[in-house]
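A look at the structure
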Amino acid sequence: MTEPQNAAADLVVGAAHAAVRRIAPEELPVFDEVAADWRRQLSKGRVSWSVPQGGVGFGIDVTLVTELALQVVAAAVGEVLVIGAATVRAGLLRRRRELPAPPDAPPGLDPEQARRLREACHRHAVALGLDAGRAELLADAAVGAMVDPPDA
């Protein structure tokens with residue numbers, strides 16, 4: 001993976017870890033193994049998990065919420081970064097000569113990015129079968145980890 005891909009993967013794994021810690025702490029002992037498998041699949045260009053068939057959280061599979069959290073956060077981050085990158089690119093093309101040197105960006109997200117990411121996390125979690133309440137918790141935890149990273 002390239003450096004930007006590694007940074008994005010680190011962001012996804014950190015946010016998914018925060019979500020799992022909040023909604024399924026019993027899965028923390030297997031989180032690192034599942035996240036490492038996700039990274040391996042990502043580096044090969046294929047993440048092959050499918051949509052859960054049963055009710056999430058009913059003890060069907062010990063890694064189900066962990067896998068779902070990684071899928072949800074990755075999809076939401078991809079969605080928000082693609083939209084954000086397109087917007088930034090359009091602005092840069094219009095103002096190429098007027099643009100001052102960019103300041104170092106602080107860690108975390110601005111309020112609009114956080115709102116969009118939270119909405120995307122919630123939407124993807126519900127689409128993958130998580131109930132609305134747990135989807136809210138997952139979205140809150142994932143976005144919270146990105147807005148105020150623990151190592152910032």
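Residues numbered from 1 in each chain as written. Predicted model: local features only at pLDDT ≥ 70, side-chain atom pairs only at ≥ 80, totals over all residues. Heavy atoms only, no water.

1. Focus: the overall build of the chain
Summing up its helical and strand segments, the chain has five helices and zero strands in all. Along the chain, helices and strands appear, N-terminal first, in the series α-α-α-α-α. Put simply, the chain has 152 residues, and 34% of those count as buried. Carbon and sulfur atoms form 57% of the exposed surface of the chain, whose accessible area is close to 9,100 Å². (Helix = DSSP H or I, 4+ residues; strand = E, 2+ residues; numbered from the N terminus. Buried < 20%, exposed > 50% of the residue type's maximum accessible area, 1.4 Å probe, protein only. Areas by Shrake-Rupley, 256 points an atom, 1.4 Å probe, with all protein chains shown as cover.)

2. What about helix α4 (residues 111–127)?
Every α-helix winds through 3.6 residues per turn, so residues three or four apart in the chain are directed the same way. With 17 residues, α4 should reach 24 Å at 1.5 Å per residue; the first-to-last C-alpha distance of 24 Å fits that figure. Within α4, the full set of buried residues consists of Ala114, Leu117, Ala120, Cys121 and Ala125. Along α4, the residues classed as buried sweep out an arc of 135° about the axis, all on the same side. Seen from the open side of α4, the exposed residues pointing more than 90 degrees away from its buried face are Pro111 and Ala127. Trailing α4 by a residue or two, glycine 129 shows a phi angle of about 105°, which is positive. (Expected span 1.5 Å × (residues − 1). Arc of directions from axis to C-beta.)

3. With respect to the nonpolar core
Counting 38 residues, the largest nonpolar core has Leu70, Val73, Leu117 and Leu138 as the members making the most contacts within it. For this core, the secondary structure elements donating two or more residues are α1 (3–23), α2 (28–43), α3 (64–94), α4 and α5 (132–147). Once residues within four sequence positions are removed from consideration, leucine 117 is found in contact with Ala76, Val77, Val80, Leu109, Val143 and Met146. (Core = buried A, V, L, I, M, F, W, Y, C linked by side-chain atoms within 4.5 Å. Contact = heavy atoms within 4.5 Å.)

4. Some details on the confidence of the model for the chain
Within the chain, residue pLDDT values average 75, and 66% of them lie at 70 or more. The least confident element of the chain, judged by mean pLDDT, is α3 at 70; the most confident is α4 at 92. Across residues 50–62, where pLDDT falls below 50, the model places 18 contacts with residues more than four positions away in sequence or in other chains. Contacts of residues 84–106 to residues separated by more than four positions or lying in other chains number two contacts, the stretch itself having pLDDT below 50. (pLDDT = per-residue confidence, 0-100.)

5. Points about the pattern of salt bridges
The full count for this structure, using the stated rule, is seven salt bridges. In this structure, the salt-bridge partner of aspartate 37 is arginine 40, at a minimum N-O distance of 3.8 Å. Here aspartate 37 and its partner arginine 40 are both found in helix α2, three residues apart, which amounts to about one turn of the helix. Among the ionic pairs, glutamate 136 bridges to arginine 118, the shortest N-O distance being 2.4 Å. Taken together, the residues span a long stretch of sequence, with glutamate 136 in helix α5 and arginine 118 in helix α4 at a distance of 18 residues. (Salt bridge = Lys/Arg side-chain N within 4 Å of Asp/Glu carboxyl O.)

6. Remarks on the packing of α4 against α5
It is the contact of α4 with α5, at a shortest axis distance of 8 Å, that shows an interaxial angle of 145°. Crossing handedness for the pair α4 and α5: right-handed. Contacts from Ala114, Leu117, Arg118, Cys121, His122, Ala125 and Val126 in α4 reach Ala132, Ala135, Glu136, Ala139, Asp140, Ala142, Val143, Met146 and Val147 in α5. Here the contact of α4 with α5 is built from residues that sort into twelve nonpolar, one polar and three charged. (Axes fitted to C-alpha atoms, helices over the stretch in contact; angles between N-to-C directions. Left-handed = near helix turned anticlockwise from the far one by under 90°. Nonpolar A, V, L, I, M, F, W, Y, C, P; charged D, E, K, R; others polar.)

7. Some points on α5
Taking 1.5 Å per residue as the helical rise, α5 with its 16 residues ought to reach 22 Å, and the 22 Å between its terminal C-alpha atoms agrees with that figure. Residues of α5 that are buried: Arg134, Ala135, Leu138, Ala139, Ala141, Ala142, Val143, Ala145 and Met146. Two or three places before glycine 133, at the start of α5, stands the capping residue aspartate 131, its side-chain oxygen 3.1 Å from that residue's backbone nitrogen. (Polar contact = N/O pair within 3.5 Å; in protein donor to acceptor, adjacent residues only side chain to side chain.)

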